[in-house]
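Analysis of the macromolecular model
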Amino acid sequence: MGNSYAGQLKTTRFEEVLHNSIEASLRSNNLVPRPIFSQLYLEAEQQLSSLEAGSRADNEEEEEEEEEEGSESSSPPVSYQMKPPPEGCCTTDGFCQAGKDLRLVSISNEHIEVPSGFLLVGAKSPNLPDHLLVCAVDKRFLPDDNGHNALLGFSGNCVGCGKKGFCYFTEFSNHINLKLTTQPKKQKHLKYYLVRNAQGALTKGSVICWKGAEFRGRQSSSSTCSSTLFQLPESSGLSGSTSSEPLPAANPSAPAGTQQTAAAIDHIPSTAAFSSAVYNGKESPKQQLVKNNLSALTRPSVLGTLTNSGPPKKRHKGWSPESPSSTETWNLQLNPQAPNRIKNDGGSLSSLPHSALVGPASSPMVGSGEPVAVPDNLLKICKAKPVIFKGHGNFPYLCGNINDVIVSPLLYTCYRNSQSLSRAYEQYGASTMQPISEEMQLLLTVYYLVQLASDQVPLIEDLEQIFMRSWRESHLSEIRQYQQALPQTFPQVPSQIAPVTSAQLPWLAGLAASSCNDSVHIIECSYSLAEGLSEMFKLLIEGKLIKTNYVVIICASRNRAIDSCIVITGKYQARVLSESMLTPSDYQKEVNYQLVTGKVETLGSFFSTLCPEGDIDLLLEKFYQENQGHISSSLSASVNKPTALNGTGAAACTSYEIERHQIRPFQLAVAQKLLSHICSIADSSTQNLDLGSFEKIDFLICVPPSEVTYQQTLFHLWHSGILLELGLEKEHLTKQRLEQYVIKLDAEAQIKFKVFLQNSMQNPHTLFVLIHDHAHWDLMSAVHSLYPQTELSTGLVDKLLNCREVKEAPNIVTLHVTSFPYALQTQHTHISPYNEIHWPSSYSNGVDLYHENKKYFGLSEFIESTLSGHSIPLLRYDSSFEAMVMALGKRFPRLHSAVIRTFVLIQHYSAAMMAVCGLSQMKNYTSVETLEITQNLINSSRQCPSGHGLMVVLRIPCTPLAAVAYERLYNVRERLALEDNFEIILGNPNSGITIGKRFVEQLKVWQKIEDVDWRPQTYLELEGLPCILIFSGMDPQGESLPRSLRYCDLRLINSSSLVRTTLEQELGLAAYFVSSEIHTEKAVVNDVLESDPEKLSSTDNEDEEIATEGIIETGSTSEKRSPMKRERSRSHGSASSSLSSKASSKTLRSSLLTFCSESSPPLIAAGDTAKSPHQVLSNSTEETTSIYERQKQKVDKGAQTTISKHLPPATEQTDMKQNIKSAQISITSSSSSPFSSSSFSSAPTHNSFILQTSQCSMTKASKQPPIVFLPKLVYDIITSTDSSGLPKSSSLLPYHSVMWASSFRPLMSKMMTCTEQSLYYRQWTVPKPIHMDYNNRNEGRMDTFHPRRLLLSGPPQIGKTGAYLQFLSILSRMLIRLTEVDVYDEEEININIREESDQYYHQPGDMWPDLETFKKTPFDYTIHDPKYEDASLICSKLQTINSEDRSMSRRQEDMYTHRQTTRMRLSKYAAYNTYHHCEQCHQYMGFNPRYQLYESTLHAFAFSYSMLGEEIQLHFIIPKSKEHHFVFSQPGRQLESMRLPLVTDKSEDYIKSPTFTPTTGRHEHGLFNLYHAMDGASHLHVLVVKEYEMAIYKKYWPNHIMLVLPSIFNSAGVGAAHFLIKELSYHNLELERNRQEELGIKPQDIWPFIVISDDSCVMWNAVEVDCSGDRKSDYTWTERNVSLKQILQHIEATPNVTHYALIGMRKWSSKTNSAEIKEPFSCCHVHDFIMLNVDLTQNVQYNQNRFTCDDIDFNLRVHSAGLLICRFNRFSVMKKQIAVGGQRSFHIKSKVSDTPVSISPAQYICAPDSKHTFLAAPAQLLLEKYLQYHSHRFFPLSLKNYSHPVLSVDCYLNLGPQIAVCYVSSRPHSLNISSSGLTFSGLLLYLCDSFVVASFLKKFHFLKGATLCVICQDRNSLRQTVVRLELEDEWQFRLRDEFQTANAKEDRPLFFLTGRHI
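Starting from 1, residues in each chain are numbered consecutively following that chain's sequence as written. Local features in this predicted model are restricted to residues of pLDDT 70 or higher, and side-chain atom pairs are both shown and tallied only at a pLDDT of 80 or more, whereas totals for entire chains, interfaces and linings draw on every residue. Excluding hydrogens and water, the side-chain figures rest on all heavy atoms present in the structure.

1. Re the overall build of the protein
Going by this rule: Labels follow the DSSP assignment, with helices taken as runs of H or I lasting at least four residues and strands as runs of E lasting at least two, numbered in each case from the N terminus. Buried means the residue's accessible area, taken with a 1.4 Å probe over protein chains only, is under 20% of the maximum for its type, while exposed means over 50%, and partly exposed covers the values in between. Surface accessibility in these figures is a Shrake-Rupley result with a 1.4 Å probe; residues are shielded only by whichever protein chains are displayed.
Of regular secondary structure, the protein possesses 58 helices and 58 strands. Counting the 1958 residues in the protein, one finds 60% classified as buried. About 76900 Å² of surface is accessible on the protein, with carbon and sulfur atoms providing 52% of the total.

Have a look at this one:
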């Protein structure tokens, strides 16, 4: 029972049953074979315990020796318990108990003392499967080469701590911390000899051969550099060949040399595949079979344990956080073997130094066993270099002609990574699951290779996904059970399918390969891979593998794990895979080498032999000589005719226009998104960006070193006008000035960049935006340069943009802009995912979000066009070109395919040009596609009266090849006399555009340019120029192409080593905007178009409208397809029609002749026989070309609509041909070509129709996207989809300098948004060491993101440049807006009723008022403040006022929203809100670390007030930093008083008056930061807040003193705040007088003033008067912004200042005139910002109940008390418009329902005891609002009756603008106006006190019918007042005239009583 079969077969039918089963599974749609093995065995293998299974869990090592007990494999091993380690010693894996590192990777370069007779060997630890531990062992105890003569026992030393004399392996294994679960045996754990390589580094050598049972061992995946590994020589232009072992991870603990070597050769694209580039687009049924259900072929029956290597328990100096055992976030962590894969993917290929300049070469991989000789002349015989992919196990040495093979470890890496379960699956209990077995891996690989078509190339990503899905499906039941969170141990579920064993593997592989027609050949060898490789070489030499593309060599025996390798022998596949291993620089060098050494000449001579007429050059010369005179004259006539026409103005083309800079809705939306991200950075609590501190914007745009891109960016910058808008430049902007804002990242970039950095340091208040355009270009690390021999600019982005100065500068924001952001979205990216801005989608749920008049065509739209049922496919491939390239590739195996492809394409273009010019025999030597391009290019300029033509872009990445192509095409053009017809431009990224003088002149005419020296500098300026643009350079660098682009020929792009970025940026060249209207034009000619595929192949329909729906299938089959089926149209081989796929040139010739001359007879019959042959050809083709447009236009116009009707359904192809022919004749025979010199027509109507169809080809081109030709490989990648529904290209590696973090990664989803895609890449990709983000790791910081770095991504050519320029514009506007405020700018009101007087009391230049003079100044009762425009006028004497002047001009809401404002720039003396942060006021605001937020104390302060009849208790919140302003009692620290200065104090840096600011609802927006306004002067500022707002104000203003009003005032208005401020201040004045009197200071010397300021006062101004004129009355004045400190100190210095009760200033207005300031001091109302003398006004109170007009009321009281009010007209205050808080915070709503219902002011009062709805608002507020809007109901006689005002006693209430009031005070000795001549229309008695008596009222006279309104607190008071004042004597009352405010009883309503004068 000791064998591995665990049972015997039931029958001898094993082979038969197995064969039938696998054949059935191959043919079925389900890949899982039926469980036949369980039928075929007598008894199933018993389940093994999970412990035993653990011995194979990591699949890296298997039990290699079988001990004497043969049944060990089927019985559980004896559990072994190691002796516990001594206390305090190290127990870390990989370290000895003394804490010394023993891992080979760590100490490979260290000098190790080895005693004589000892050898260094590598021991394997089960906890560190990737590492070898270095030990010194006496060689007597080790076996010889035959596995014999080893002494029993052990003797060894520890190389770490140097401890010697270990005599037992058990003791030694304890010391080196092996932590074994089985009995320690040296045979199990001592695995490899260790040897020094050529560099002196210790590396893994041969396997220690114990007992001879295993003559070779398994190689560990974690070896260091193999001994034959060399750095790639700089001069070699070779394909690398490989070392068999992958490189180690660039581990920080590894020696520096290892890392450098690793980095230097890390250049193979990590997707390379089998090839990184190559996807298999063709969906064969076999492939579908594998793709649709990639379940595991078998499921292992044994559930193994996967050892997990976590971090060490203790941190040792030898262990680093980046080591493979460190723990990171589970879903981001690489699997344990992944660090090794990092290097493998990148490149374990190396070259031998001696192979320089010999072409691709291979060095043998480190092998074992006997060497295998590579036969001589292998390449010559096979016509291809076989590519050998190492698989499982050991690989033998190769010797001999090793230059003719290439060896790669990529498949080995894939296998190994697929066996390392990702931590993502550990949540499912993956530790108890086995990874996919090696046998299963190999079997799945064979299945995969079998289903590949002959023109497909295997791809590593496909295999990884197959393994992934296979593993997942084989463990679905376990995963589901773990998802149900079963806590008990995992149940042993019997497996349904027995595992594949190594003995069965060759059978199964052979059977799988038996159905593929020899495409896959299986070689089974019994001894070693060497014999299989030798046999393979023998078969190759004998020519027996001609049909075979893949040879799978398997060496399997039941005693050991399998060895395998896969050899790619298919010529096409081998070529693609070998070329995919070249780096971009090697690719260029290889091509250059082949050009320089003349190897391509054989290709040229071969082309010559193809042409039966002789050499093409001879043919060209002959043609030139024969036709020179005729052609030049006819051509010049045809070319110059448009110019002549243009001159006369008769038929000039009007369609030419270069689009100027205009912002599209999309761009504006993106700019706004960018701005909001900037604002969110600024708003975050991190304070990484202080937008408030910046005054302006500056910027620098970095572009790749392409001259065209540079000029293009300058062009956009110039036309955007952004420099003038930002104020960076003046009107006359020069090119030199413009160039300072854009830098090319070339050698000179550093100088400009240094200037930029210096500017940023010198201008801290300027925000610098560093824009990195085309940001995916050159992400090379400045430290690791992959190509040391490349130009200096490599790594410049890292060097400049990632320098310390940029990172740390607080005023630099970096914006990366790219179409391909993937390389900036890795695990180590600098950019936060929150700082990514993605171009928005145009549609959301079918709604067009941004209405644009143009539709963008990008990659997805191009792919969409290839689906059948759509318009003509925009993506195509050229099958005849591909066939020729493939044939030549086999003939010239040593030439790089890029060289072959380029020469074939040049040949095709040359032949096509010759064919169009009349050499019709040359049509056989070109392809249909190239002929179409050439024909339309040459004819395009003839179609347009102005000569506009098409652009053809020919993309040739390799610069030397581009130069060859240019030279050849240029010569052919010259020989054919086409030099005036179209231009050929060589577009080199390093140089500008060079075009002929004639074409420059043509462009200048079209673009109306008069500059003599003008030359086009961007491709956009080539609009309309007929040209072939040869676009060279390895990568496009952001160049935009004009709208006249019609063909984008990408057939020469490097299709072997593509990554997603490379692929998408090549296709991005064709991205295009078309007018969105064209999609509404549906073709009505579908019947016509369902026609013969040959007839309407791509050459026919060059300029068909893209909108033509239901276009024909031009496939080689003639089947009709259902229009509902969205399958791939076969026309993508452009025509891939029968004619283009036929190989024989004879058929090709006949097809082409038929094709091109299809409609010639009617044209020639129309009178064109006189023309030269090439003209006839071009004209005839042109006629057929526009058939679609003609038919469509005819149908659209209603002319000859029968064309589409009389055609029958396309049932038979022959009928179709006839019908189409007749249709063509009916159209074309009636008129000649538009270019015919003798045009005639049978019907005049047809002539106009023809003129319309021959519209300018450039116009037509701009209405449809360009047609793109791709290599077949790339076409297949782009157009095929993976299982997620995405194009296969999206699952490619995103960028060449990043790699996948794990093979076990999910596929992308089709539903992923850009943000989700970014998060996917951030999780599953890591940068390689050459990437600039490689070192951006967590170095003790929580966050590796840079706070001021943003990423803008959007499709190519969509307008990102315009978007970021617009962003700069709106960012600048926002910064200016941040430094600007809207201030009220209104003229004073009631100027016309100001009391005019010729007498001026002061001179205009007086600084202060003279007290005695001022006392004589009369008080101006009239209100002039514009905010009181809606207030009642106050009459001071008999006035005649025009009734029109006082109209109800505005509603309540308009008061705030429609007041006139103007925008003002904040000065340095402004007051700020909480959003302002600057260095100077950090301490003032409390952000200084010394003053923590919680460092403030709450103090109660009580005083009694007789009027309230109770004690008032206020609370002060006093920050620690402000306590010096207060006096506290010594014991208990009770607040006693607020310190007040003396009147006599004088200090420049001190403001004497405390400032009180009452505020509500404006904790963010109130202007409480007075630091700058006070110019840094010391001052006392107190915020007066309501109790419920205390916490929020304290949070926003932690360093401000708060005065908290009692809770009873929570619903009170501003009157209550003013009242309490004044009363508190007077009480404090008394306290201070008492306190300082004890110090000997007189009471009158204490400063009595306080300032009461609104919370919206933003700036203060002073008028400077110049009285230096001749006459005394002459003066001039200017107004400027000054600090509040200057104003207050000036006012405080007023002589006799304590005699003034109130001092104020004007409200600022831009319309202030000289008359207003001629009198420097006025005695009138003061508002908003006042200085109040609390001593003088002791007996005058604010009305604590008031909500509005309380300042007017107070001013009138002060004046009537005989006190002085002085307004300084020289000073003015600006008030900011604040849309929140203040009076608007009072909302009047119903008390019963919470629903906001608008309540009109008429409902604010009601009859007492009525059922009226009560309102939740203070009674006083309802009263004031009611009187403001409806007082005419109480005072009907007063309406607009300004000469008879309402008499208001002791108060001023606003009765609305149409009623005037007259204020009188009832106080004795008060100043009142003379009322002797006045008759009043009404009387208002509001809460009148005992001073109002009946006799007082009887002094006044009233009109008959005048009305009275008495307002009291309750009904009782109302009656008492009527009685006390004897009102019934003169006034008549009725019961129904009693009212109340609409308050509930508990809200204490006010009561009214109205009456009429008798």
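2. Re the pattern of salt bridges
How we decide: Definition used for salt bridges: Asp or Glu carboxyl oxygen within 4 Å of a side-chain nitrogen of Lys or Arg.
Following the criterion strictly, the structure yields 60 salt bridges and no others. Across the salt bridge formed by Glu579 and Arg575, the nearest N and O atoms sit 3.2 Å from each other. You can see Glu579 and its partner Arg575 sitting in helix 17 (residues 571–580), 4 residues apart, about one turn around the helix. The pair formed by Glu579 and Arg575 is uniform in burial state, with each residue classed as buried. Residue Asp1655 pairs with Arg1562 through a salt bridge whose shortest N-O separation is 2.8 Å. In this pair, Asp1655 sits in the loop between strand 43 (1649–1653) and strand 44 (1657–1666) while Arg1562 sits in the loop between strand 40 (1555–1558) and strand 41 (1581–1585), placing the two residues 93 residues apart along the sequence. Given a relative accessible area of 8%, Arg1562 falls into the buried group.

3. Here we look at the packing of aromatic side chains
The following threshold applies: Only Phe, Tyr and Trp rings take part, Trp by its six-membered ring, and two of them pair if their centres are within 6.5 Å. Stacked means planes under 30 degrees apart, edge-to-face means over 60, and tilted covers everything else.
With the rule as written, the count across this model stands at 42 aromatic pairs. Relative to Phe172, the ring of Phe169 lies with its centre 6.4 Å away and its plane at 45°, an arrangement referred to as tilted. Here Phe172 and Phe169 lie together in helix 5 (residues 169–175), a separation of 3 residues that amounts to about one turn. Summarising the burial analysis for this pair, Phe169 and Phe172 share the class buried. Ring geometry for Phe1568 and Trp1597: centres 5.3 Å apart, planes at 80°, overall edge-to-face. Here the residue Phe1568 occupies a position in the loop between strand 40 and strand 41, and Trp1597 occupies one in the loop between helix 51 (1590–1596) and strand 42 (1601–1604), the gap between them amounting to 29 residues.

4. Overview of helix 19 (residues 601–610)
Put simply, the rule is: Throughout, the arc means the angular range of directions from the helix axis out to the C-beta atoms. Any two residues whose heavy atoms approach within 4.5 Å are treated as being in contact.
Inspection of helix 19 places Leu603, Phe606 and Phe607 among the buried residues, and these make up the whole buried set. Seen end-on, helix 19 carries its buried residues on one side only, within an arc spanning 100°. Opposite its buried face, helix 19 presents the exposed residues Glu601 and Thr609, each directed more than 90 degrees away. Buried residues along helix 19 sit against helix 29 (879–891) and helix 30 (897–916).

5. Some remarks on the nonpolar core
Defined as follows: The set of buried Ala, Val, Leu, Ile, Met, Phe, Trp, Tyr and Cys residues whose side-chain atoms join them within 4.5 Å is what this entry labels a nonpolar core.
Counting 166 residues, the largest nonpolar core has Phe1516, Trp1660 and Leu1885 as the members making the most contacts within it. If you tally residues by element for this core, the top one is helix 52 (residues 1614–1637), at 8 residues. Beyond its immediate stretch of four places on either side in the chain, Leu1885 contacts Val1849, Leu1897, Leu1908, Cys1909, Val1910, Ile1911, Leu1925 and Leu1927.

6. Remarks on the sheet that holds strand 2 (residues 128–138)
The condition is simple: Any two strands with at least two DSSP-identified bridges between them are counted as paired. Every axis corresponds to a line fitted to the C-alpha atoms, with the helix fit spanning only the stretch in contact, and the corresponding angles, defined between N-to-C directions, vary from 0 to 180 degrees.
Strand order in the open sheet formed by 5 strands is 3-2-1-4-5, with antiparallel pairing between adjacent strands. The open sheet is flanked by strand 3 (156–158) and strand 5 (202–207), the only strands paired with a single partner. Each strand of the sheet is rotated relative to its neighbour by a mean of 45°, with strand direction disregarded. As paired strands, strand 2 and strand 3 are joined by 3 bridges and run antiparallel to one another. The partner of Val137 across the bridge, within strand 3, is Gly156.

7. Some thoughts on the pairing of strand 26 (residues 1027–1031)
Along any regular strand the residues' side chains alternate between the sheet's two faces. What counts is decided by this rule: Place the viewer so that the strands point away; then a crossover is right-handed whenever the path from the first strand over the helix to the second strand goes clockwise.
Burial within strand 26 is extensive, with 5 of its 5 residues counted as buried. Alternating positions in strand 26 separate into two faces, Cys1027, Leu1029 and Phe1031 on one and Ile1028 and Ile1030 on the other, with burial throughout. Taken together, the 5 bridges between strand 25 (residues 983–987) and strand 26 define a ladder with parallel strand orientation. Its bridge partner being in strand 26, Ile984 is matched across the sheet by Ile1028. Considered for its hand, the β-α-β crossover made up of strand 25, helix 33 (residues 997–1007) and strand 26 is right-handed.

8. Some points on the packing of helix 12 (residues 438–450) against helix 15 (residues 505–513)
Packed helix pairs are characterised by how far apart their axes lie and by the angle those axes make with each other. For clarity, the threshold we go by: In these notes the angle categories are as follows: under 35 degrees is roughly parallel, over 145 is roughly antiparallel, 65 to 115 is roughly perpendicular, and the rest is oblique. Charged residues are taken to be Asp, Glu, Lys and Arg, nonpolar residues to be Ala, Val, Leu, Ile, Met, Phe, Trp, Tyr, Cys and Pro, and polar residues to be all remaining types, Gly included.
In contact at an axis separation of 9 Å, helix 12 and helix 15 are set at 10° when each is read in the N-to-C sense. As the angle between them shows, helix 12 and helix 15 are arranged roughly parallel. Residues Glu439, Leu442, Leu443, Val446, Tyr447 and Val450 of helix 12 pack against Leu505, Leu508, Ala509, Ala512 and Ala513 of helix 15. When the residues that make up the contact of helix 12 with helix 15 are grouped by side-chain class, the tally is 10 nonpolar, no polar and 1 charged.

9. Remarks on helix 13 (residues 460–474)
Our working rule: Any helix carries an expected span of 1.5 Å times its number of residues minus one.
Under the 1.5 Å per step criterion, the end-to-end length of helix 13 is 21 Å for 15 residues, consistent within 8% with the ideal 21 Å. Taken as a whole, helix 13 has its buried residues at Ile460, Glu461, Asp462, Leu463, Glu464, Gln465, Ile466, Phe467, Met468, Ser470, Trp471 and Ser474.

10. Here we look at the environment of Tyr1364
Rule in force here: Here a polar contact means two N or O atoms within 3.5 Å. Within protein one must be a hydrogen donor candidate and the other an acceptor candidate, and residues neighboring in sequence count only if both atoms are side-chain atoms.
Within the secondary structure, Tyr1364 sits in helix 47 (residues 1360–1378). Relative accessible area serves as the criterion here: at 0%, Tyr1364 is assigned to the buried category. When the C-alpha positions of Tyr1364 and Val817 are compared, they lie 8.6 Å apart, and in sequence the two are 547 residues distant. Side chain to side chain, Tyr1364 and Asp773 meet in a polar contact 2.9 Å long.

11. Structural notes on a positive patch on the surface
Spelled out, the test is: Each patch groups residues whose relative accessible area exceeds 30% and which form no salt bridge, using 9 Å between like charges and 5 Å between nonpolar side chains of Val, Leu, Ile, Met, Phe, Trp and Tyr. Neither His nor the chain ends is counted toward charge; the positive residues are Lys and Arg and the negative residues Asp and Glu. For the purpose of locating charges, the reference atoms are NZ of Lys, CZ of Arg, CG of Asp and CD of Glu.
Side chains of Lys380, Lys383, Lys599, Arg891 and Arg894 sit close together on the surface and give a patch of like positive charge. Looking at Arg894, the relative accessible area reads 54%, which means it is exposed.

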